[in-house]
Amino acid sequence: MVVQQFSHVDTWVFDLDNTLYPPSADLFGLMDARFSAYVTRLTGLDEEQALKLCAEYWLDYGSTLAGLIEHHDVDPHDFLADVHDIDISHLEPCEALIEALRALPGRKVVYTNGSHNHAKRVLAARGLSRQFDAVYGVEHADFTPKPHHDAFARIFAKDGIAAPSSAMFEDEERNLKVPHAMGMKTVHVHPDRHEADHIHHHTDDLADFLSQLSR
């Protein structure tokens, strides 16, 4: 039974975007438009070139923001406030997820490469604000993004998270490599299964998966 493989876990760490809401909500589609507009204003590139640069920075640095800080001296607070200024009114509470999280024993934490404010807005829209003990954005890691080891180390030190007794839930498989190396149980939350040594479990239905873990 899957619950037995999590019997040692007392801290549950969740990514936010495309993890605590379904990819079909397409918040990244809304954010992409703001990403490209911001980078166009900053660099003078056209929209297509701006999006290409965003993708390159994401691949090379872990996030577009990290690349912009490195090469363009961007104010990270201004950037995050701008790109997260999107309409999320179509997000709805998920009672099954709310109940599954409520039933989980131990501490529950959100850790996102987005901003703390973005996370709080999304959690409120999903009816999940009361289900988490702490919420961390990329600013709490001094703007070092996942998948870098230093990012996880900073957040885990702030919260007092002991990796060997914790689990990490992520939609981006590359962001599970460091947690796995640190000794965490890892769960890839994604419509498509990805087989890799650093992924212990996969689910395309987070609420259903979590419902199996209450004990």
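Refer to the structure printed above.
Residues numbered from 1 in each chain as written. Predicted model: local features only at pLDDT ≥ 70, side-chain atom pairs only at ≥ 80, totals over all residues. Heavy atoms only, no water.

**Student:** Just checking my understanding: could you explain the pattern of salt bridges for this structure?
**Tutor:** Any two side chains of opposite charge can pair, on the condition that their charged atoms come close. Within the structure shown, the criterion is met by 8 salt bridges. Salt-bridge contacts for Asp82 lead to Arg41; the nearest nitrogen and oxygen are separated by 3.1 Å. A residue pair is termed long-range when its members are at least 10 positions apart, and Asp82 in helix α4 (residues 76-83) and Arg41 in helix α1 (residues 27-43) qualify at 41 residues. The partner of Glu172 in a salt bridge is Arg174, and the shortest N-O contact between them spans 3.5 Å. Judged by its relative accessible area of 16%, Arg174 falls in the buried class. (Salt bridge = Lys/Arg side-chain N within 4 Å of Asp/Glu carboxyl O. Helix = DSSP H or I, 4+ residues; strand = E, 2+ residues; numbered from the N terminus. Buried < 20%, exposed > 50% of the residue type's maximum accessible area, 1.4 Å probe, protein only.)

**Student:** What's the story with the nonpolar core in this structure? I'm lost.
**Tutor:** Soluble, globular proteins show a tendency: their nonpolar side chains are buried together. Grouped together as the largest cluster of nonpolar side chains are 51 residues, with contacts concentrated most on Phe14, Leu20, Phe169 and Leu210. With 17 residues, the next largest nonpolar core counts Ala141, Ala151, Ile155 and Phe156 among its residues. (Core = buried A, V, L, I, M, F, W, Y, C linked by side-chain atoms within 4.5 Å.)

**Student:** Sorry, what's going on with helix α3 (residues 64-72) here?
**Tutor:** Each α-helix turn comprises 3.6 residues. Residues three or four places apart therefore point the same way. Those residues of α3 not exposed but buried are Thr64, Leu65, Ala66, Gly67 and Leu68. Those residues of α3 that are buried lie in contact with α1, α2 (47-61) and α4. Just downstream of α3, Asp73 is the residue with a positive phi angle, here 50 degrees. (Contact = heavy atoms within 4.5 Å.)

**Student:** Even after reading the chapter, I still don't get the packing of aromatic side chains, so can you show me in this structure?
**Tutor:** Where two aromatic rings form a pair, the distance of their centres and the angle of their planes describe that pair. Inspection of every chain in the model, using the stated rule, returns 11 aromatic pairs. Centroid distance Phe14 to Phe132: 5.8 Å. Interplanar angle 75 degrees. Geometry classified as edge-to-face. Residue Phe14 is found in strand β1 (residues 11-14), and its partner Phe132 is found in the loop between α6 (116-125) and β3 (134-136); the two are separated by 118 residues along the sequence. Summarising the burial analysis for this pair, Phe14 and Phe132 share the class buried. Ring geometry for Phe14 and Phe169: centres 4.5 Å apart, planes at 10 degrees, overall stacked. Taken together, the residues Phe14 in strand β1 and Phe169 in strand β4 (residues 166-170) connect sequence positions 155 residues apart. Here the two residues Phe14 and Phe169 agree in accessibility, since each one is buried. A network of ring pairs unites the aromatic residues Phe6, Trp12, Phe14, Phe132, Phe169 and Phe209 as a single cluster. (Phe/Tyr/Trp six-rings, centres within 6.5 Å; stacked < 30°, edge-to-face > 60°.)

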